[in-house]
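# A closer look at the structure
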Amino acid sequence: MLHLHDTALGRVAELPLRTPGHVSMYVCGPTVYDEPHLGHGRFTLVWDVVRRYLEWRGLQVRFVSNITDIDDKIIDRANREGRPAAEVAQQYEQAWYRAMDALGVRRPDADPHATAYVDDMVALIARLVDAGVAYATTDGVYFNAEQVPGYGLLARQSLESLRAGERVEVVEEKRSPIDFALWKNAKPGEPEWPSPWGPGRPGWHTECVVMALDLLGEDFDLHGGGIELAFPHHENERAQAVALGRPFARRWAHSGHVVAPGGEKMSKSLGNYTSLTDLLAKTDPRAYRLLVLQSHYRSPLEVGPATIERAERSLARFDELARRVELRGEAPAPPDPGALERFAELMDDDLSTPAAMALLFDLLTRANAALDRGEDETAGPAAAAVLEIGRAVGLEPRGPDLDIDDEAARLVDERDAARAARDYTRADVLRRELEARGWTVQDSTEGTRIHR
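Residues numbered from 1 in each chain as written. Predicted model: local features only at pLDDT ≥ 70, side-chain atom pairs only at ≥ 80, totals over all residues. Heavy atoms only, no water.

The final tally for this structure, using the stated rule, is 35 salt bridges. With a shortest N-O distance of 2.7 Å, Asp284 and Arg286 are connected by a salt bridge. For the pair Asp284 and Arg286, one class covers both residues: buried. The salt bridge involving Glu407 is made with Arg437; its shortest N-O contact spans 3.8 Å. Of this pair, Glu407 sits in helix α14 (residues 406-420) while Arg437 sits in the loop between α15 (424-436) and β13 (440-444); the two residues are 30 residues apart in sequence, bridging distant segments of the chain. On the accessibility criterion, Arg437 (42% relative accessible area) is partly exposed. (Salt bridge = Lys/Arg side-chain N within 4 Å of Asp/Glu carboxyl O. Buried < 20%, exposed > 50% of the residue type's maximum accessible area, 1.4 Å probe, protein only. Helix = DSSP H or I, 4+ residues; strand = E, 2+ residues; numbered from the N terminus.)

Quick look at the structure:
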C-alpha cells in the first residue's frame, strides 16, 4: 500500500483507508484571480500522479478539488479592472482548466465552488460560535485558535512559537494574534451574503472544511496540497473540524516548491514568476509532467530552459521506443512482471518517482538494445513495461503527426538524404527550417521524424 510523508506525524506512514478498496482524497484547488503559475502546475501534477497510481493499483478513488471563487485577491482585481468579481473568477477558472487539460491532469470527480457553499459555511460558523470557540467583532467573526488542543500540529510548532512569529494585527478586538477570520463583514462594493452577524463573506479557511466534509464525509483518507498551505490554511481547516468534534483527514501530505535556476523560490513577489500558460505554449506539456516525476514530490523542483530541454530529450527517447515497437506490427508482449513489481515498490515508498523514472529509462535502454540485436523475447516485455509504467503516471507516447503537409514531407526527405550523404551542415539547416515551421524534429534509426 502507498506510504506518504504525513505532515501531521512528521514521518512517512501508510495511507490507511476508511473503506477497503476505496480512497477519499481532497486537494486544495486554485483561487481564480490570475493565470496559473508553475507551482500550480507542480502540485496538480503530483496529486494527479497519486490518483492515477492508486487507480492503477486497482483502488477506486474519489477525488475532490475545490475552486475558491470569492476572495480578497479576486475582489481586488475586479475593483482595479472595474468589473464584477464573478466575471474575474469565471475568466480565470477557464484559464485554469485550459492549462490543466493541456498538462493531462484529469479533472476532479467534484470541483465545489466556494460561492455555492456559503449557507453551509454560515451554519458551521454559527456552531463554532455556539461552542465558544469563535467570537464576533465589529469587522466579522474570528476563530479562537488557542481553544483547540494541539493547535499548530501541521506547522510543527508550539502555540508559543506561533504567537511569537505572528505579525502584529491592526484588529484590536482579536483575542490572540493567531486567531483567524471565519466571516468578514462586507465593505462597500464587495460581494456579500446574509448572516447572523450582518452581510459579508466567508474567510478562506472555512471553505474547505465545509466542502470536504460534505463531499467526502468525516474521517476521509487523504488531504493534499502545496507545502505553503500546511500552515496556516490546512491547520486552520483542521482546527475547525477538531473544535466541532468531527474527524477530518486521516493523512496530510504536501508537495514542495518550484524554484528558479539557482534554487530561489519562484513567485511573483520575487520577480521570477513564469506563468504555466507561457510554459505550455512553448514546450511539450508532457515535459513538465516528466520534470515533476523526476523530482521527489517533497523536494524543491528547479524549472528553467535547461531542465525542460532535458525532459524533452528524454521524451523523444520514450516516443521513439513506442514507434519502434509499433512499426514491428506484432502483437504486444506482456510487461515484465518483475519490472512492474519493482515500480510498485518504489511508488509505495513515499512516491519515489525519481527512482521509478530511472527504472523506466533503464528498461527503455534495455528494450532498444534488445531490438537492435533482434532479441524479441527480451525487447517485448521490457518495452511493454516502459509503456505500462508511463500509463500508470500519466505519460503517454506521442506518435508521428499524420497531418504532415507536402512541404514538410519534402524537407524531411531532403534531410534524410543529407544525413545519408553525411552532409550534416545541410541536415542542420533543414532541421532549423522544419523547427521554424513549428515541427519538433527527432532523429531515429528509421530516419527523421517530426511532430507538433
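On to the packing of aromatic side chains. Each aromatic ring pair is described using two quantities: the centre-to-centre distance and the angle formed by the ring planes. Scanning the model with the defined rule gives 11 aromatic pairs in all. Their ring planes at 90 degrees and their centres at 5.9 Å tell us that Tyr53 and Phe343 sit as a pair that is edge-to-face. Here Phe343 lies in helix α11 (residues 337-348) and Tyr53 lies in helix α1 (residues 38-56), a separation of 290 residues in the sequence. Consider the rings of Trp183 and Trp197, whose centres lie 6.2 Å apart with planes at 55 degrees: the pair is tilted. You can see Trp183 sitting in strand β7 (residues 180-185) and its partner Trp197 sitting in the loop between β7 and β8 (200-202), a full 14 residues away along the chain. An aromatic cluster of three or more residues is present, and its members are Tyr53, Trp56 and Phe343. Stacked on the ring of Tyr97, the Lys or Arg Arg107 has its end atom at 4.2 Å from the ring centre. Here the guanidinium or amino end of Arg175 rests over the ring plane of Tyr135, the centre of that ring lying 4.0 Å away. (Phe/Tyr/Trp six-rings, centres within 6.5 Å; stacked < 30°, edge-to-face > 60°. Lys NZ or Arg CZ within 6 Å of the ring centre and 35° of its normal.)

A separate point is the packing of α1 against helix α9 (residues 285-293). Close contact between α1 and α9 brings their axes to 10 Å; oriented N to C, the two are set at 75 degrees. In terms of axis orientation, α1 runs roughly perpendicular to α9. Counted together, Leu38, Gly41, Arg42, Leu45, Val46, Asp48, Val49 and Arg52 of α1 and Tyr288, Arg289, Val292 and Leu293 of α9 form the full contact between these two elements. (Axes fitted to C-alpha atoms, helices over the stretch in contact; angles between N-to-C directions. Parallel < 35°, antiparallel > 145°, perpendicular 65-115°, else oblique. Contact = heavy atoms within 4.5 Å.)

This part is about the nonpolar core. Membership of the largest hydrophobic core comes to 83 residues, with the highest contact counts inside it found for Met25, Trp47, Leu276, Tyr288, Phe343 and Met357. Two domains each provide a minimum of three residues to this core, namely domain 1 (18-255) and domain 2 (282-401). Membership of the second largest hydrophobic core comes to 43 residues, among which are Ala134, Ile178, Phe180 and Met211. (Core = buried A, V, L, I, M, F, W, Y, C linked by side-chain atoms within 4.5 Å. Domains from an automatic or database assignment.)

This part takes up the sheet that holds β7. Taken in spatial order, the four strands line up as β5-β6-β7-β8 in an open sheet, and their pairing is antiparallel. A strand with exactly one partner marks an edge of an open sheet, and here the two such strands are β5 (134-137) and β8. Adjacent strand axes in the sheet meet at a mean angle of 20 degrees when their direction is disregarded. Summarising the sheet, strand β6 (residues 140-143) and β7 pair through four bridges and their orientation is antiparallel. By the bridge assignment, Tyr142 is partnered in β7 with Ala181. (Pairing = 2+ DSSP bridges.)

Take the domain arrangement of the chain next. Here the domain parsing of the chain yields domain 1 (18-255), domain 2 (282-401) and domain 3 (404-451). Between the C-alpha centres of domain 1 and domain 3 the distance comes to 51 Å.

The next point concerns the side chain of Asn368. Within the secondary structure layout, Asn368 lies in helix α12 (residues 353-373). What makes Asn368 buried here is its relative accessible area of 17%. Beyond its immediate stretch of four places on either side in the chain, Asn368 contacts Leu321 and Arg324.

Between Phe231 and the following residue, Pro232, the backbone shows a cis peptide bond with an omega angle of 10 degrees. Looking at where Pro232 falls in the secondary structure, it is placed in helix α7 (residues 230-243). Notably, Asp219 is not glycine yet its phi reads approximately 60 degrees, a positive angle. Topologically, Asp219 is positioned in the loop between α6 (204-216) and β9 (222-226). One non-glycine residue, Arg422, lies in positive phi territory at about 60 degrees. Inspection of the secondary structure assignment puts Arg422 in the loop between α14 and α15.

The next subject is the environment of Glu433. Along the chain, Glu433 falls in helix α15. The class for Glu433 is partly exposed, based on a relative accessible area of 30%. A C-alpha to C-alpha distance of 9.2 Å links Glu433 and Ala408, two positions 25 residues apart in sequence. The residues contacting Glu433, other than those within four sequence positions of it, are Glu407 and Leu411.

Turning our attention to the side chain of Arg51. Relative to the helices and strands, Arg51 is located in helix α1. Leave out the neighbours within four places in its chain, and Arg51 touches Met25, Val61, Phe63, Arg106, Arg107, Pro108 and Asp109.

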